[in-house]
Amino acid sequence: MKPIRKQFDAQPSFPFAFTFKDRKTLQRELPDHLHDWFELVYVHSGKGAFFIDRTIYDMNQGDLFIIPGNTIHRAFPDKEDPVTSTALFFHPILLDRISLGESFSYMECFEQSRIHHNFKMECTPALQHLMERALDGVEAELRAAQAGYRHAIVLHVEQLLLAVNREKGGERKPRASSAFIGPSWMKDSLLYIDQHFTEAVSLSKLSQMASVSPAHFSRVFKQSTGMNVTGFIAVKRIVRAKELLQGKDDTIAVIAEACGFESMPYFHRVFKQIVGMTPSIYRQQRS
């Protein structure tokens, strides 16, 4: 199973979407998905697990998940005490402001999450209060839709991200001791895939490295990530291909080979299934 591509019904002039205090269930939760937009998920109550990129995190009240664009993720709400969360989606152009002479970017927290592969932030009580107040403000503006409500929403988002960036700036290093849920060999396997997804990585090789049977490996991998090994690796390759296609130096054939695809027809087919368009059209749109 390949992750679906989440679509947003938003006007180009206001690339923003908002899901406020949604109570998650396994039936309603999206399967593995990814999108170009950036996402913040704040947990109001409940518990569960959240698979992002290559790590499975626990979800608890006050947790904030900072998810850059084109990152595979899926939530697994607890059956007995499902998560209630707010998700905020936007394209970076929404916050495209002048620098004002400072080397500051609202998007810094997303970049740090991507670099360090650490997408979870445990909010302090003060940050939780600010977060909930800002999210309440966004919801109120959307409901009232008075003149200038879009500008007001952007101000709330900027205030929220300013606080998050300041909080993360005070972190000495990511707290990852309790980030992963599951057997240690699954953590090692996800890390290995992340480092070798452009190579020939098979289920038999991974299960041998983990010292478990292929059937057991496949079952635990699917339970942990919601995907099979082949589909997961394919998406990793496509995400990398999208990054390379935004450059202008390499041909599509060179990019396909660099991402581990042995034939152009297969690359085109998988790319279109996941992205929704051909590699050439994607490159044209990003030029």
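Reading the values: the criteria
Residues numbered from 1 in each chain as written. Predicted model: local features only at pLDDT ≥ 70, side-chain atom pairs only at ≥ 80, totals over all residues. Heavy atoms only, no water. Helix = DSSP H or I, 4+ residues; strand = E, 2+ residues; numbered from the N terminus. Contact = heavy atoms within 4.5 Å. Areas by Shrake-Rupley, 256 points an atom, 1.4 Å probe, with all protein chains shown as cover. Core = buried A, V, L, I, M, F, W, Y, C linked by side-chain atoms within 4.5 Å. Buried < 20%, exposed > 50% of the residue type's maximum accessible area, 1.4 Å probe, protein only. 1 Å grid on protein atoms, 1.4 Å probe; cavity = no way out; pocket = protein on both sides within 12 Å on 5 of 7 lines; lining within 4 Å. Points joined across faces, edges and corners; volume = space filled by probe spheres on them. Axes fitted to C-alpha atoms, helices over the stretch in contact; angles between N-to-C directions. Parallel < 35°, antiparallel > 145°, perpendicular 65-115°, else oblique. Nonpolar A, V, L, I, M, F, W, Y, C, P; charged D, E, K, R; others polar. Pairing = 2+ DSSP bridges. Phe/Tyr/Trp six-rings, centres within 6.5 Å; stacked < 30°, edge-to-face > 60°. Lys NZ or Arg CZ within 6 Å of the ring centre and 35° of its normal. Salt bridge = Lys/Arg side-chain N within 4 Å of Asp/Glu carboxyl O. pLDDT = per-residue confidence, 0-100.

Chemist: For this particular structure, what's the right way to read the overall build of the chain?
Modeler: The helix and strand inventory of the chain stands at 10 helices and 10 strands. Expressed as a percentage of contacts within the chain between residues at least 6 apart in sequence, the contacts between residues at least 24 apart total 75%. When the accessible surface of the chain is totalled, it reaches about 14700 Å², and 50% of it is carbon and sulfur.

Chemist: I'm lost on the nonpolar core in this one. Help?
Modeler: Nonpolar side chains in soluble globular proteins tend to end up buried together. Ranked by internal contacts, the top residues of the largest apolar core, which has 40 residues, are Ile193, Phe217, Phe221, Phe232, Ile238, Phe267 and Phe271. Of all the elements in the fold, those that place two or more residues in this core are strand 5 (48–52), helix 4 (184–196), helix 5 (203–210), helix 6 (214–225), helix 7 (229–245), helix 8 (252–258) and helix 9 (264–275). Apart from the residues lying within four places of it in its own chain, the contact partners of Phe221 are Met186, Leu190, Ile193, Gly226, Met227, Asn228, Val229 and Phe232.

Chemist: Can you walk me through empty space enclosed by the protein in this structure?
Modeler: Regions of empty space are outlined by a rolling probe, equal in size to a water molecule, passed over the atoms. With the rule as written, the count across this model stands at two cavities of 30 Å³ or more. Leu40, Tyr42, Leu64, Thr86, Ala87, Leu88, Met131, Leu135 and Leu160 together form the lining of the second largest cavity. Going through the elements one at a time, strand 4 (38–45), strand 9 (84–90) and helix 2 (125–144) are the ones with two or more residues in the lining of the second largest cavity. Considering each element in turn, the lining of the second largest cavity owes the most residues, three residues, to strand 9.

Chemist: How should I be thinking about the packing of helix 4 against helix 6 in this particular structure?
Modeler: Angle between the axes and distance between the axes: these two values describe a pair of packed helices. The interhelical angle for the contact between helix 4 and helix 6, taken along N-to-C directions, is 80 degrees, at an axis separation of 11 Å. The angle between helix 4 and helix 6 falls in the class roughly perpendicular. Of the residues in helix 6, those touching helix 4 at Trp185, Met186, Ser189, Leu190 and Ile193 are His216, Phe217, Val220, Phe221, Ser224 and Thr225. Of the residues that constitute the contact of helix 4 with helix 6, the class distribution is seven nonpolar, four polar and no charged.

Chemist: Which parts of the structure should I look at to understand the pairing of strand 9?
Modeler: Along any regular strand the residues' side chains alternate between the sheet's two faces. For strand 9, a buried count of seven out of seven residues is recorded, marking the element as mostly surrounded by other parts of the structure. Of the strand pairs in this sheet, strand 2 (residues 16–23) and strand 9 are connected by six bridges, and their pairing is antiparallel. The partner of Phe18 across the bridge, within strand 9, is Leu88. As paired strands, strand 4 and strand 9 are joined by seven bridges and run antiparallel to one another. Within the sheet, the bridge partner assigned to Tyr42 lies in strand 9 and is Thr86.

Chemist: Got a minute to help me understand the packing of aromatic side chains in this structure?
Modeler: Both the distance between ring centres and the angle between the ring planes are used here to describe each pair of aromatic rings. Inspection of the entire model under this criterion finds 16 aromatic pairs. What links up through ring pairs into an aromatic cluster is the set Phe51, Trp185, Phe217, Phe221 and Phe232. Sitting over the ring of Phe261, Arg237 keeps its end group 5.7 Å from the ring centre.

Chemist: Just checking my understanding: could you explain the pairing of strand 6 (residues 55–59) for this structure?
Modeler: Of all the five residues making up strand 6, four are buried; the element is thus mostly covered by neighbouring parts of the structure. Direction of pairing for strand 5 relative to strand 6: antiparallel, over a ladder of five bridges. Within strand 6, the residue paired with Phe51 across the bridge is Ile56. Counting the residues that bridge the hairpin from strand 5 to strand 6 gives two residues, and of these Asp53 lies at a positive phi of roughly 65 degrees.

Chemist: Where do I start with the sheet that holds strand 2 in this structure?
Modeler: Hydrogen bonds along the backbone pair up the strands of a sheet, which may run parallel or antiparallel. If you trace the five strands from one edge of the open sheet to the other, you get 2-9-4-7-10, paired in antiparallel fashion. With partners counted over all chains shown, the strands left at the sheet margins are strand 2 and strand 10 (120–122), one partner each. Mean inter-strand twist for the sheet, computed between neighbouring axes without regard to direction, equals 15 degrees. Running over the sheet, helix 2 touches strand 2, strand 4, strand 7 (63–67), strand 9 and strand 10 and is turned about 115 degrees from strand 2.

Chemist: Sorry, what's going on with the pattern of salt bridges here?
Modeler: When charged atoms on two side chains of opposite charge get close, those side chains can pair. Tallied over the full model, the rule gives nine salt bridges. Note that Asp53 and Lys236 form a salt bridge whose closest N and O atoms lie 2.6 Å from each other. One end of the pair, Asp53, is in the loop between strand 5 and strand 6; the other, Lys236, is in helix 7, and 183 residues separate them in sequence. Classification of Asp53 as buried rests on a relative accessible area of 11%. Looking at Lys236, the relative accessible area reads 8%, which means it is buried.

Chemist: Teacher, can you tell me more about the environment of Gly46 here?
Modeler: Turning to its location among the elements, Gly46 is positioned in the loop between strand 4 and strand 5. Taking C-alpha positions, Gly46 is 8.9 Å from Glu80, a pair spaced 34 residues apart along the chain.

Chemist: What should I look at first to understand the confidence of the model for the chain in this one?
Modeler: Close reading of the predicted structure is inappropriate where its pLDDT is low. Summary statistics for the chain give a mean pLDDT of 86 and a share of 88% for residues scoring 70 or more. Confidence over residues 1–5 falls short of pLDDT 50; this stretch has 27 contacts with residues more than four positions distant or in other chains. Confidence drops under a pLDDT of 50 for residues 172–178, and excluding neighbours within four residues, the segment shows five contacts in the predicted structure.

Chemist: How should I be thinking about the environment of Ile252 in this particular structure?
Modeler: Mapped onto the elements of the fold, Ile252 is located in helix 8. Taking the C-alpha atoms as reference, Ile252 lies 9.7 Å from His268; in sequence the two are 16 residues apart. If we ignore the near neighbours within four places in the chain, the residues touching Ile252 are Leu245, Met264, Phe267, His268, Pro279, Ser280 and Arg283.

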